Amino acid sequence: MMKDLTIIRELNLPDWYAAAGYVRNYVWDTLHGYSERTPLNDIDIIYYNADELDEEIEKKYEQILEQETGISIWSVKNQARMHLKNGEMPYSSVEDALSRWPETVTAVGIRLEKDDTLSVISPHGLEDLFELRVRRSPLFMDESYYRARITRKNWKEIWPKLEIF
């Protein structure tokens, strides 16, 4: 992870974080005592730049990350434009966008700072993540989507200690 975070940091994205399953799955794998990481579907990198909303720029960042890491599952998204996809009012920051993600345990990001310290962002706290509780984020209103997503993700089978609410 530190190697990945170092490479991401070199992109100099404003207010960036590696988020969602990249963090969540690592914590759950560790708490389940797994010696190998559960494979990821994608690696979510989020940032916020209201002055640069072109989706093609995100694709260029994904290409750079793929070239630098040899990993092809990067998903770079500027949260300043994601409200359009979600049919909501514009988000004011990365934290505002994260607060509206489907689950509290998914709304977590980490960033490697210039001094090599880690920063964590988690608008709903970290308790659910470390207590293995999956619940809908309070600002995510579509309960049927949340339930379908939980079923589709099959998390309980992968991580049997989870409690799903």
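Nothing here was measured: the structure is a model prediction, and the numbers come from that model.

K.L.:
Tell me about helix 7 (residues 143-153), and please be specific about residues and values.
P.N.:
Think of an α-helix as turning once every 3.6 residues; residues three or four places apart then point the same way. Taken residue by residue, helix 7 has Tyr146, Arg149 and Ile150 as its buried positions. Seen end-on, helix 7 carries its buried residues on one side only, within an arc spanning 100 degrees. Opposite the packed face of helix 7, turned more than 90 degrees from it, sit the exposed residues Ser144, Thr151 and Arg152. Of the surrounding secondary structure, the elements contacted by the buried residues of helix 7 are helix 2 (21-31), strand 6 (133-134), helix 8 (155-158) and strand 7 (163-164). Two residues or fewer past helix 7, Asn154 is found with a positive phi of approximately 60 degrees.

K.L.:
Describe the packing of aromatic side chains, with residues and values.
P.N.:
All chains considered together, the criterion is met by four aromatic pairs. Here Trp28 and Trp159 contribute two aromatic rings whose centre-to-centre distance is 5.0 Å and whose plane-to-plane angle is 65 degrees, an arrangement assigned as edge-to-face. Remark: Trp159 occurs in the loop between helix 8 and strand 7 and Trp28 occurs in helix 2; sequence separation between them is 131 residues. As far as burial versus exposure is concerned, Trp28 and Trp159 are alike and both buried. Each ring, one from Tyr47 and one from Tyr61, has its centre 5.9 Å from the other, and the planes form 85 degrees; the classification is edge-to-face. Placement of Tyr47 in strand 2 (residues 43-47) and of Tyr61 in helix 3 (residues 55-69) is noted, with a sequence separation of 14 residues between them. One aromatic cluster is present, formed by Trp28, Trp155 and Trp159 through successive ring pairs. Directly above the ring of Tyr22 sits Arg37, whose terminal nitrogen or CZ lies 5.5 Å from the centroid. In this structure, Arg135 packs its charged tip against the face of Phe165, placed 4.7 Å from the ring centre.

K.L.:
Could you give an account of unusual backbone geometry, naming the residues involved and the relevant values?
P.N.:
Phi at Ala20 is positive, roughly 60 degrees, even though this residue is not glycine. One can find Ala20 in the loop between strand 1 (17-19) and helix 2. Residue Leu132 is not a glycine yet carries a positive backbone phi of 60 degrees. A relative accessible area of 10% places Leu132 in the buried class.

K.L.:
Which residues make up the side chain of Glu62, and what values do they have?
P.N.:
Mapped onto the secondary structure, Glu62 falls in helix 3. When sequence neighbours within four positions are dropped, the list of residues in contact with Glu62 reads Trp74, Ser75, Val76 and Lys77.

K.L.:
I'd like to hear about the pairing of strand 3 (residues 74-78), residue by residue, with values.
P.N.:
Taken across its five residues, strand 3 has five buried, putting it largely inside the fold. Across the two faces of strand 3 the burial is the same, with Trp74, Val76 and Asn78 and Ser75 and Lys77 all buried. Inspection of the sheet shows strand 2 paired to strand 3 by five bridges, in the parallel sense. Within strand 3, the position partnered with Asp44 by the bridge is Ser75.

How each quantity is defined
- Residues numbered from 1 in each chain as written.
- Predicted model: local features only at pLDDT ≥ 70, side-chain atom pairs only at ≥ 80, totals over all residues.
- Heavy atoms only, no water.
- Buried < 20%, exposed > 50% of the residue type's maximum accessible area, 1.4 Å probe, protein only.
- Helix = DSSP H or I, 4+ residues; strand = E, 2+ residues; numbered from the N terminus.
- Arc of directions from axis to C-beta.
- Contact = heavy atoms within 4.5 Å.
- Phe/Tyr/Trp six-rings, centres within 6.5 Å; stacked < 30°, edge-to-face > 60°.
- Lys NZ or Arg CZ within 6 Å of the ring centre and 35° of its normal.
- Pairing = 2+ DSSP bridges.

No statement about biological role is implied by the geometric values presented.
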